[in-house]
Amino acid sequence: MIPLEKLLLPAFASVTAFGLWKFFQFVYHQFTSPIRHLRGPKGTSWLYGNMRDIWNAEDSVLHEEWVKQYGNTLKYKGLFNSNRLFTMDTRAINHVLTHSIDYQKPSQVRYNLSQVLGEGVLFVEGAQHRQQRRIMNPAFGPAQIRALTDIFFAKAVRLRDVLSTEIAKDPAATTTGARIDVMPWLSRMTLDAIGLAGFNYDFDALNANEKPNELNEAFSTMIAAGQRLSILPMLQARFPPFRILPSDRARRIQVAKSTMARIGKELLSGAKATARASATGKGEIEKNSLHGRDLLTLLVKANMATDIPESQRLSDEDVLAQVPTFLVAGHETTSTATTWALYAMTNAPEIQTKLREELLSVDTETPSMDELMALPYLDAVVRETLRVHSPVPNTLRIAMKDDVLPVEKPYTDKNGVVHESIRYTSCVFRYEFDVYLSFANSISKGDPIVIPILAINRSRELWGPDAHEFKPERWQNIPDAVSQIPGVWGHLLSFLGGPRACIGYRFSLVEMKALLFTLIRAFEFELAVPAGEIGKKSMMVQRPVLRSDPKSKPQLPLLLKQYKRI
């Protein structure tokens, strides 16, 4: 029998060699990447770079300060003091978003996503992403979302009734209003909605008297684990050998994953049975004649369609991977965006009043999707919310090859030299200065590029001097400059753009409008704390917190009164 130490020694030597090689690659890249020549702030920590400063700042304030100081294209320090390219140039951002094969999510970001979401459409890249997206697209079309609208309203009305009950319990409800933290209630509503609309599963989260069901608890565990920041998960994301180290976080995630996988298989089995039942007399399921109540059933029908090649079908594992993706993408972002919409309207009561007048002009509490989308001021409020309070403030891509990144405007390097174009070559210290019809910035393989969603959405250069203010009326006549923003919807980056734009943006918009339609008609909202007490904390999404709360618990305490028509 081979002694244990003889087995461990080669393993330890291999891990050490791998670590040294990765460290050498990292250091070499920092000293050879062309973005090292850009201007930008110095790192304030050898471990965190500028990241801790960004986490502690609100909105994109720090990014915007750097842009004022260093220009639209700059660098700042990421983890381990590594260089990151940050640009506000819309042409450069469009290039990155539209060339999704050349600019992908970094491996550490994909690892973190896989821990919470599995290997669904948000995780995969390249041909696998195209395959999953091709099958999923039909489930998110306008006709399919139209069929889900009654689910959104059913759950919105249920939330309205629950809040009415909570208001009735508070003796101050008729005077100052009942104090309610609306954030967890909005989160429960969107969880219930995505459960039914996503895969015909009833979380019953709005039933406060019942213990959360099994899938609800597993989902909550996954979300909580993804929001905690500590050194070990960061090391595990960047350096794979650290992933063998056990942790309580990893154990809880694995238990939750097992629960979600087991229930997901049951849901998948039910969706397959529904798909087979809809087959023609010849046993055929046609891709262009999809009907179904929930997204998972539609996805399964599209995947089982007899008129698509076998090579384009998803495996059961790929289909199952979409369940947690549906949950997170269809739950957290919409509830957070609606929370910020209510916050914005408590700071501007005249906007709340104007919106309520428009909504009360509709003679039903459950309009169709077309009726809902035809309300102009509701549309303006939703657009302005997603502009000023984008739930996801930024995202990250990494260059998969050397490239020339086109920009609209020249930039100045740290030596004060203005460059119209720079082409990077494989020689470490060699650059070729060429004349192009456009300006460009060089990128080398492995360079990380920040997509500044929120900073672009509220750029004064694009939106005007009042860009930081919440003004729904601006959508009556938006500046020509915002047409340069390469977003899939509304001249905004909130849903990104290009091949990896948010597949569920129609779902989110209709659900958010249904929520606001129901709540604003029923209640008057006021802040329960001074406006200056509300801060922002960004982890997976950007949520409101109380500055006085040492734990920075996400919350938005409001005073609610029943609205009474005069």
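Residues numbered from 1 in each chain as written. Predicted model: local features only at pLDDT ≥ 70, side-chain atom pairs only at ≥ 80, totals over all residues. Heavy atoms only, no water.

**Details of the pattern of salt bridges**
Alright, step 1. Applying the stated criterion across every chain yields a total of 21 salt bridges.
Alright, step 2. Linking Arg160 and Glu365 is a salt bridge whose minimum nitrogen-to-oxygen distance equals 3.0 Å. Taken as a pair, Arg160 in helix H7 (residues 142-169) and Glu365 in the loop between helix H15 (349-360) and helix H16 (369-373) lie far apart in primary sequence, 205 residues in all.
Alright, step 3. Here Glu384 ties to Arg387 by a salt bridge, and the two come within 2.9 Å at their closest N and O atoms. With Glu384 and Arg387 both in helix H17 (residues 376-388), this residue pair falls three residues apart, about one helical turn.
Alright, step 4. Through salt bridges with shared partners, a single ionic network connects Glu384, Arg387, Asp466, Glu469, Lys471 and Arg474. (Salt bridge = Lys/Arg side-chain N within 4 Å of Asp/Glu carboxyl O. Helix = DSSP H or I, 4+ residues; strand = E, 2+ residues; numbered from the N terminus.)

**A few points about empty space enclosed by the protein**
The rolling of a water-molecule-sized probe over the atoms marks out the regions of remaining empty space.
Alright, step 1. Counted under the stated rule, the structure contains two cavities of 30 Å³ or more.
Alright, step 2. When its volume is computed, the second largest cavity comes out at roughly 30 Å³.
Alright, step 3. Around the second largest cavity, the lining residues are Val96, Leu97, Ser100, Tyr103, Arg397, Gly497 and Arg500. (1 Å grid on protein atoms, 1.4 Å probe; cavity = no way out; pocket = protein on both sides within 12 Å on 5 of 7 lines; lining within 4 Å. Points joined across faces, edges and corners; volume = space filled by probe spheres on them.)

**Describing a nonpolar patch on the surface**
Alright, step 1. The grouping of Trp21, Phe24 and Tyr28 at the surface amounts to a nonpolar patch, some 370 Å² of accessible area in total.
Alright, step 2. Residue position: Trp21 is located in helix H1 (residues 4-32). (Patch = residues over 30% accessible without salt bridge, like charges linked within 9 Å, V, L, I, M, F, W, Y side chains within 5 Å. Areas by Shrake-Rupley, 256 points an atom, 1.4 Å probe, with all protein chains shown as cover.)

**Some thoughts on the nonpolar core**
Alright, step 1. With 150 residues, the main nonpolar core has Leu159, Phe199, Leu342 and Leu560 as its most contacted residues.
Alright, step 2. Broken down by element, the residue count for this core peaks at twelve residues, all from helix H20 (residues 505-522).
Alright, step 3. Not counting residues within four places of it along the chain, the set of residues in contact with Phe199 comprises Ile194, Leu215, Leu267, Asp294, Leu296, Val323, Phe326 and Leu327. (Core = buried A, V, L, I, M, F, W, Y, C linked by side-chain atoms within 4.5 Å. Buried < 20%, exposed > 50% of the residue type's maximum accessible area, 1.4 Å probe, protein only. Contact = heavy atoms within 4.5 Å.)

**A word on the packing of helix H11 (residues 248-277) against helix H13 (residues 316-329)**
Alright, step 1. Relative to each other, H11 and H13 sit at 110 degrees, their axes nearing to 10 Å. Relative to H13, the element H11 lies roughly perpendicular. As H11 packs across H13, the resulting crossing turns out to be right-handed. Here Met260, Gly264, Lys265, Leu268 and Lys272 of H11 lie close against H13, whose contacting residues are Asp316, Val319, Leu320, Pro324 and Leu327.
Alright, step 2. Here the contact of H11 with H13 is built from residues that sort into six nonpolar, one polar and three charged. (Axes fitted to C-alpha atoms, helices over the stretch in contact; angles between N-to-C directions. Parallel < 35°, antiparallel > 145°, perpendicular 65-115°, else oblique. Left-handed = near helix turned anticlockwise from the far one by under 90°. Nonpolar A, V, L, I, M, F, W, Y, C, P; charged D, E, K, R; others polar.)

**Brief notes about the sheet that holds strand E1 (residues 73-77)**
Alright, step 1. Spatially, E1-E2-E12-E5-E3 is the arrangement adopted by the five strands of the open sheet, whose pairing is mixed. Edge positions in the sheet fall to E1 and strand E3 (103-104), since each has one partner strand and no second.
Alright, step 2. Packing of helix H4 (residues 90-98) onto the sheet brings it into contact with strand E2 (83-87), E3, strand E5 (395-399) and strand E12 (448-451), and relative to E12 it is tilted by some 110 degrees. (Pairing = 2+ DSSP bridges.)

**A few points about the pairing of strand E15 (residues 542-546)**
The side chains of a regular strand alternate, residue by residue, between the two faces of the sheet.
Alright, step 1. Taken across its five residues, E15 has five buried, putting it largely inside the fold.
Alright, step 2. Of the two faces of E15, the one carrying Gln542, Pro544 and Leu546 and the one carrying Arg543 and Val545 are both buried.
Alright, step 3. Where strand E14 (residues 534-538) lies against E15, five bridges are found, and the strand directions are antiparallel. Counterpart to Ser538 in the pairing with E15 is Gln542.
Alright, step 4. In sequence, E14 turns back onto E15 through a hairpin of three residues.

**Brief notes about the packing of aromatic side chains**
Where two aromatic rings form a pair, the distance of their centres and the angle of their planes describe that pair.
Alright, step 1. The final tally for this structure, using the stated rule, is 13 aromatic pairs.
Alright, step 2. When the centroid spacing of 5.9 Å and the interplanar angle of 80 degrees are considered together, the rings of Tyr48 and Trp55 count as edge-to-face.
Alright, step 3. On the accessibility criterion, Trp55 (24% relative accessible area) is partly exposed.
Alright, step 4. Each ring, one from Trp340 and one from Tyr343, has its centre 5.4 Å from the other, and the planes form 85 degrees; the classification is edge-to-face. Residue Trp340 and its partner Tyr343 are both found in helix H14 (residues 332-347); the two are separated by three residues, about one turn of the helix.
Alright, step 5. Under the relative-accessibility criterion, Trp340 is labelled buried at 1%.
Alright, step 6. Owing to a relative accessible area of 13%, Tyr343 belongs among the buried residues under this scheme. (Phe/Tyr/Trp six-rings, centres within 6.5 Å; stacked < 30°, edge-to-face > 60°.)

**Structural notes on the confidence of the model for the chain**
Alright, step 1. Confidence in the prediction for the chain averages 85 pLDDT; 88% of positions are at 70 or higher.
Alright, step 2. In the predicted structure, residues 422-439 sits below a pLDDT of 50 and forms 45 contacts with residues beyond four places in sequence or in another chain. (pLDDT = per-residue confidence, 0-100.)

**Here we look at the side chain of Asp102**
Alright, step 1. Along the chain, Asp102 falls in the loop between H4 and E3.
Alright, step 2. The exposure class assigned to Asp102 is buried, which follows from its relative accessible area of 18%.
Alright, step 3. With residues up to four places along the chain from it excluded, the contact list for Asp102 reads Ile398, Ala399, Met400 and Lys401.

**Here's the deal with the environment of Ala261**
Alright, step 1. Within the secondary structure, Ala261 is located in helix H11.
Alright, step 2. Note on Ala261: relative accessible area 35%, which makes it partly exposed.
Alright, step 3. A sequence separation of 60 residues divides Ala261 from Ala321, and the C-alpha atoms of the two residues are 8.6 Å apart.

**Remarks on helix H3 (residues 61-70)**
Alright, step 1. Residues of H3 that are buried: Leu62, His63, Glu64, Trp66, Val67 and Tyr70.
Alright, step 2. For H3, the elements touching its buried residues are helix H2 (51-56), E1, E2 and helix H18 (453-457).
Alright, step 3. Gly71 occupies a position one or two residues after H3 and carries a positive phi of about 100 degrees.

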